[in-house]
Amino acid sequence: MIVGIPKETRPFEYRVGLNPAGAEILAQHGHQVCVERDAGVGAGFKDREYESAGARIVYSGEEIFARADLVLKVARPLRNELDWLKPGAAIAGLLHLASARRDKVEALLEKKVTSIAYEQIQLADGSLPLLRPFSQIAGSMTAQVAARLLQNNWGGKGILLGGAPSVPPAEVLILGSGVVATHAAQAFLGLGAHVTVMSDDLDGLQKLLDRFPGIVTMMSTKRNIERATTYADVVVGAALITGARTPILVTRDMVSAMKPRSVVIDVSIDQGGCFETSRPTTHDQPTFVDEGVIHYCVPNMPGVVARTATHAFVNAAMPYLIRMTDDGIAPAIANDPALERGVNTHQGGLVHLTLLEER
């Protein structure tokens, strides 16, 4: 099988779909790995490392998409990249098609492309093995982002997360109880903040409380969210519904009732966001102010810790990549229920239930 690794072209996306170690494994299995020139530079991987691993360097993204049987990306493909895909090929990445423009889904259907969303590959226990490393990293990053945005020179209210002797710590509210929420709670607690976690998953709250006895846990009812946001210095949106748009948990009225210059970090923005006031931002202009509250809504937070993120992701993804390349795309999907749950389009048809409902 020909496996293509294009250079990511979205702004401030430094990750790459496969590291040299992964390329070497696929090459040892007899597959041809084609890597676009400088595709790994942002993550610190040089072309010669890929060549030493057995990959071939290709000098245009168009050639990668036109030749590959399987394209491995990180970010959702741009429209011109979809136009380059050869009919009947497969593409895997963080596709987030539930929040994508409909014309992109139509392009996949017209070319009978098999699209596999990493964020939807799901084990029987409900866990998301390929999304997990990115979620872990994004959750850990929320504390360092919040600490910076609370500083006066970033427009914040001048609060130190951990407080100081005789001065209480910052109040942090985390919405969700999954992987992002867990690592966010760990990071904020490590910096000394006072952390409250809200979720509608009682088992998830129990696990968090068992792990972090110092946190406060509450059910995420409208009344509880409305009350907690009024005193929070930082609110982290970490809610997720696999393959679907994130529900709005914090309304504009709730945001307007927050303390001025408080901070909102919407990690759920890649699936639409869970704050009514959220809109996607970028790493060069990561924030905006709405209702007097600082909003940080960068969809690809792990994209700027590209080396760590790429290594962590490939470590989790290799069993699935080997299965798809060795067995073939269709047999791998048929024989692996977890992988099957990640399929959005296949052979000209919509597969994922949420996309069918929206269509």
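Below, the structure is looked at part by part. Sequence positions are assigned chain by chain, starting from 1 and proceeding in written order. Totals for whole chains, interfaces and linings use every residue, but because this is a predicted model, local features are given only for residues with pLDDT of at least 70 and side-chain atom pairs only at 80 or more, for both listing and counting. Side-chain numbers come from the whole structure's heavy atoms, not from hydrogens or water.

Description of the overall build of the chain
Then step 1. Within the chain, the secondary structure is distributed over 14 helices and 15 strands.
Then step 2. The globule rule used for comparison is 2.2 Å times the number of residues to the exponent 0.38, while the radius of gyration itself is calculated over C-alpha atoms. Here the C-alpha atoms of the chain give a radius of gyration of 21 Å, agreeing with the 21 Å that 2.2 N^0.38 yields for 359 residues.
Then step 3. Dimensions of the chain, computed from the C-alpha atoms along their principal axes, are close to 65 × 45 × 35 Å.
Then step 4. Each residue's exposure class comes from its accessible area (1.4 Å probe, protein chains only) as a fraction of the maximum for that residue type: buried when under 20%, exposed when over 50%, partly exposed otherwise. Within the chain, the proportion of its 359 residues that are buried is 53%.
Then step 5. In this description, contact between two residues means that some pair of their heavy atoms is separated by no more than 4.5 Å. Here the contacts in the chain between residues at least 6 apart in sequence split such that 65% fall between residues at least 24 apart.
Then step 6. Here the Shrake-Rupley method, with its probe set to 1.4 Å, supplies the accessible areas, and only the displayed protein chains count as covering residues. Taken as a whole, the chain presents about 14800 Å² of accessible surface, with 51% of it coming from carbon and sulfur.
Then step 7. Once the 34 positive and 38 negative side-chain charges of the chain are each reduced to a mean point, those two points are 3 Å apart. Think of it this way: any DSSP run of H or I at least four residues long counts as a helix, any run of E at least two long counts as a strand, and we number them from the N terminus. Neither His nor the chain ends contribute to the count of charged residues, in which Lys and Arg are positive and Asp and Glu negative. Note that the charge is assigned to NZ on lysines, CZ on arginines, CG on aspartates and CD on glutamates.

Brief notes about helix H5 (residues 102-110)
Then step 1. Considered for burial, the residues of H5 that qualify are Lys 104, Val 105, Ala 107, Leu 108 and Leu 109.
Then step 2. Packing partners of the buried residues in H5 comprise helix H4 (79-84), strand E5 (90-93), strand E6 (114-117), strand E14 (343-346) and strand E15 (349-350).
Then step 3. Where H5 terminates, the next one or two residues include Lys 112, which has phi positive at roughly 55°.

Regarding the state of the cysteines
Then step 1. We call a pair of cysteine sulfur atoms a disulfide when they lie within 2.5 Å. The final tally for this structure, using the stated rule, is zero disulfides.
Then step 2. Cys 274 provides the cysteine sulfur closest to Cys 297, a residue in no disulfide bond, and the two sulfurs are 9.2 Å apart.
Then step 3. A residue is classified by how much of its surface remains accessible, and Cys 297, at 0% relative accessible area, is buried.

Side note on the packing of helix H1 (residues 20-28) against helix H11 (residues 306-327)
Then step 1. Viewed as axis vectors pointing N to C, H1 and H11 meet at an angle of 25°, and their least axial separation amounts to 11 Å. The angle between H1 and H11 falls in the class roughly parallel. Handedness of the crossing formed by H1 with H11: right-handed. On H11, the residues touching Gly 22, Ile 25 and Leu 26 of H1 are Val 314, Met 318, Leu 321, Ile 322 and Thr 325.
Then step 2. Each residue is assigned to one of three groups, with Ala, Val, Leu, Ile, Met, Phe, Trp, Tyr, Cys and Pro labelled nonpolar, Asp, Glu, Lys and Arg labelled charged, and all others, Gly among them, labelled polar. For the contact of H1 with H11, a count of residues per class yields six nonpolar, two polar and no charged. As a rule, the C-alpha atoms of each element are fitted with a line to give its axis, helices using only the stretch in contact, and angles between N-to-C directions run from 0 to 180 degrees. An angle counts as roughly parallel when it lies under 35 degrees, as roughly antiparallel when it exceeds 145, as roughly perpendicular when it falls between 65 and 115, and as oblique in every other case. If you view the pair so one helix is near and one far, a crossing is left-handed when the near helix is turned anticlockwise from the far one by less than a right angle, and right-handed when it is turned clockwise.

Remarks on the environment of Asn 80
Then step 1. Tracing the sequence through the fold places Asn 80 in helix H4.
Then step 2. Taking C-alpha positions, Asn 80 is 9.9 Å from Lys 104, a pair spaced 24 residues apart along the chain.

Describing the sheet that holds strand E11 (residues 263-266)
Then step 1. With mixed pairing, the seven strands of this open sheet are ordered in space as E9-E8-E7-E10-E11-E13-E12. Whereas interior strands pair on both sides, the edge strands pair on one side only; in this sheet they are strand E9 (216-219) and strand E12 (287-290). Mean inter-strand twist for the sheet, computed between neighbouring axes without regard to direction, equals 20°.
Then step 2. Being paired, for any two strands, means DSSP has found at least two bridges between them. Relative to strand E13 (residues 293-296), E12 is paired through four bridges, and the arrangement is antiparallel. Each bridged residue has a counterpart across the sheet, and for Phe 288 the counterpart in E13 is His 295.
Then step 3. Strands strand E10 (234-237), E11, E12 and E13 of the sheet are contacted by helix H6 (residues 132-149), whose axis makes an angle of about 150° with E11.
Then step 4. Where helix H8 (residues 202-211) meets the sheet, its contacts fall on strand E8 (194-199) and E9, and the angle it forms with E9 comes to roughly 175°.

Comments concerning the nonpolar core
Then step 1. By nonpolar core we mean a set of buried residues, namely Ala, Val, Leu, Ile, Met, Phe, Trp, Tyr and Cys, connected to one another through side-chain atoms within 4.5 Å. Membership of the largest hydrophobic core comes to 78 residues, with the highest contact counts inside it found for Leu 18, Leu 72, Tyr 118, Ile 174, Phe 188, Val 234 and Ile 265.
Then step 2. With nine residues, the top contributor of residues to this core is H11.
Then step 3. Among residues more than four places away in sequence, those in contact with Ile 265 are Thr 142, Val 145, Ala 146, Val 234, Val 235, Val 236, Gly 237, Phe 275 and Tyr 296.

Some thoughts on the sheet that holds E6
Then step 1. Overall, mixed pairing links the eight strands, which are arranged E3-E2-E1-E4-E5-E6-E14-E15 in an open sheet. Only two strands of the sheet have a single partner each, and these edge strands are strand E3 (56-58) and E15.

Description of the side chain of Asp 266
Then step 1. With respect to the helices and strands, Asp 266 occurs in strand E11.
Then step 2. For Asp 266, a relative accessible area of 1% puts it in the buried group.
Then step 3. Pairing of N or O atoms within 3.5 Å defines a polar contact, subject to two protein rules: one partner must be a possible hydrogen donor and the other a possible acceptor, and residues neighboring in sequence count only if both atoms are side-chain atoms. In terms of polar contacts, Asp 266 uses its side chain to reach the backbone amide nitrogen of Ser 268, at 3.2 Å.
Then step 4. When sequence neighbours within four positions are dropped, the list of residues in contact with Asp 266 reads Gly 237, Gly 273, Cys 274, Phe 275, Ser 278, Tyr 296 and Cys 297.

Some thoughts on the environment of Arg 56
Then step 1. Mapped onto the elements of the fold, Arg 56 is located in strand E3.
Then step 2. Classification of Arg 56 as partly exposed rests on a relative accessible area of 42%.
Then step 3. Considering only alpha carbons, one finds Arg 56 and Gly 4, 52 residues apart in sequence, at a separation of 9.7 Å.
Then step 4. The residues touching Arg 56, leaving out its near neighbours within four places in the chain, are Gln 32, Val 33, Cys 34, Val 35, Glu 63 and Arg 67.

Examining the packing of H6 against helix H7 (residues 179-190)
Then step 1. Where H6 meets H7, the axes come as close as 7 Å, and the angle between the chain directions of the two elements is 35°. Helix-helix and strand crossings are classified by hand; for H6 and H7 the assignment is right-handed. Seen from H6, the contacting residues are Arg 132, Ser 135, Gln 136, Gly 139, Ser 140, Thr 142, Ala 143 and Ala 146; seen from H7, they are Val 179, Val 180, His 183, Ala 184, Ala 187 and Phe 188.
Then step 2. Split into classes, the residues belonging to the contact of H6 with H7 amount to seven nonpolar, six polar and one charged.

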